[in-house]
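# Chain and residue survey
This is what each chain is made of:
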Amino acid sequence: MLKYFLLSTLLASTINMKAQEQERPELLTTPNGWRAEYFTFPISFAPSLTYVGAEDVRFSKGWNDQDAEDFFTYAFLWYLDEDPKLSVPKLNTDMKAYFDGLMSAVAGTKDLPKTTADFQGGIDNYSATIEVYDAFFSRDKLILNVTATASYCSKQKKYLVLFKLSPKEIDSEVWKKFDELEINVNCNRE
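As a starting point, this report considers the structure included with it. Predicted, not measured: the structure shown is a model, and the values here were computed from it.

## Details of the overall build of the chain
- Regarding its fold elements, the chain presents 2 helices and 9 strands.
- Listing each helix as α and each strand as β along the chain from the N terminus yields α-β-β-β-β-α-β-β-β-β-β.
- If you take every contact in the chain between residues at least 6 apart in sequence, the share linking residues at least 24 apart comes to 53%.
- Just so you have it, the chain exposes about 11000 Å², and 51% of that area is on carbon and sulfur atoms.

## Some words on the layout of surface pockets
- Here the largest pocket defines a volume of roughly 170 Å³.
- As for the largest pocket, its lining consists of Arg35, Glu37, Phe39, Phe45, Val57, Phe59, Trp63, Phe72, Tyr74, Tyr98, Leu102 and Phe136.
- Sorting the residues of the lining of the largest pocket by element identifies strand E2 (35-40), strand E3 (53-59) and helix H2 (88-107) as the ones contributing at least two each.
- For the lining of the largest pocket, the element with the highest residue contribution is E2, accounting for 3 residues.
- Along the lines of polarity and charge, the residues of the lining of the largest pocket split into 10 nonpolar, no polar and 2 charged.

## A look at the packing of aromatic side chains
- Within this structure, the stated rule accounts for 27 aromatic pairs.
- Here phenylalanine 41 and tryptophan 78 contribute two aromatic rings whose centre-to-centre distance is 5.5 Å and whose plane-to-plane angle is 90°, an arrangement assigned as edge-to-face. Residue phenylalanine 41 is located in the loop between E2 and E3, and its partner tryptophan 78 is located in strand E4 (residues 74-80); the two are separated by 37 residues in the primary sequence. By the burial criterion, phenylalanine 41 is buried, and tryptophan 78 matches it.

## Focus: the state of the cysteines
- Counted by the stated rule, this structure contains 1 disulfide.
- Cysteine 153 shares a disulfide with cysteine 187; S-S distance 2.3 Å. Classification of the bridge connecting cysteine 153 and cysteine 187 rests on its S-S torsion, roughly -115°, and on that basis the disulfide is left-handed. Placement of the pair is cysteine 153 in strand E7 (residues 141-153) and cysteine 187 in the segment after strand E9 (182-183), with a sequence separation of 34 residues.

## Some words on the nonpolar core
- By size, the foremost hydrophobic cluster in this structure holds 39 residues, and its most contacted members are Trp78, Met95, Tyr98, Phe99, Phe119 and Phe163.
- When residues of this core are traced back to their parent elements, those giving at least two are E3, E4, H2, strand E5 (116-122), strand E6 (125-133), E7 and strand E8 (158-166).
- With sequence-adjacent residues up to four places away left out, phenylalanine 163 is seen in contact with Tyr74, Ala75, Phe76, Trp78, Leu91, Met95, Val146, Thr147 and Ala148.
- Counting residues in hydrophobic clusters, the runner-up holds 13 residues, among them Trp34, Trp175, Leu181 and Val185.

## Looking at the side chain of aspartate 94
- Along the polypeptide, aspartate 94 turns up in helix H2.
- Of note is the side chain of aspartate 94, whose polar atom sits 2.4 Å from the side chain of tyrosine 51.
- In contact with aspartate 94, other than residues within four places in its own chain, are Leu49, Tyr51 and Trp78.

## A closer look at empty space enclosed by the protein
- Under the counting rule described, the total for this entry stands at 1 cavity of 30 Å³ or more.
- Lining the largest cavity are Phe99, Asp100, Met103, Ser104, Leu112, Pro113, Lys114, Thr115, Val132 and Tyr133.
- Ranked by residue count, the leading element in the lining of the largest cavity is H2, at 4 residues.
- Residue composition of the lining of the largest cavity, grouped by class: 6 nonpolar, 2 polar and 2 charged.

Calculation rules
Residues numbered from 1 in each chain as written. Predicted model: local features only at pLDDT ≥ 70, side-chain atom pairs only at ≥ 80, totals over all residues. Heavy atoms only, no water. Helix = DSSP H or I, 4+ residues; strand = E, 2+ residues; numbered from the N terminus. Contact = heavy atoms within 4.5 Å. Areas by Shrake-Rupley, 256 points an atom, 1.4 Å probe, with all protein chains shown as cover. 1 Å grid on protein atoms, 1.4 Å probe; cavity = no way out; pocket = protein on both sides within 12 Å on 5 of 7 lines; lining within 4 Å. Points joined across faces, edges and corners; volume = space filled by probe spheres on them. Nonpolar A, V, L, I, M, F, W, Y, C, P; charged D, E, K, R; others polar. Phe/Tyr/Trp six-rings, centres within 6.5 Å; stacked < 30°, edge-to-face > 60°. Buried < 20%, exposed > 50% of the residue type's maximum accessible area, 1.4 Å probe, protein only. Disulfide = S-S within 2.5 Å. Core = buried A, V, L, I, M, F, W, Y, C linked by side-chain atoms within 4.5 Å. Polar contact = N/O pair within 3.5 Å; in protein donor to acceptor, adjacent residues only side chain to side chain.

This is how it looks when you write it as structure tokens:
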């Protein structure tokens, strides 16, 4: 009897997850072969980021292959209900919370080297280097080059923040893959 209860509970959960996947908007369009993940705020691994909205994450083909040219190359879009009021200090704080939480969740411990972030820029365009502990693959420090671009979508009344990340230098061939990435949100006024 317990076996059937557990099986029916698992089946109901799977159906519910599939329904949620079908309802989620396709916020980013990426090159073929990129893998997608979708989260809603607050994100479980970074609860201090108190935004309301969603995060659409896209991983390059070689994201999980340490020998690939595009290892750890990915992008994510924050699709937010309120202005995140970005600044250099806010981005540094947000990315520290984001990566410390993510890597702790993956590693199963909070006893990891802490993330450092060094954003520069302003208004709506930022760049940074982020030193993060890679709990996924190398189990060592990893330096990511990052760009962040913010905009407001008046038609949807949403704030968009697009992050692009890679350990490769911004002028490398890998960064040209981001040229194929598009925000799939209609922001034109009616």
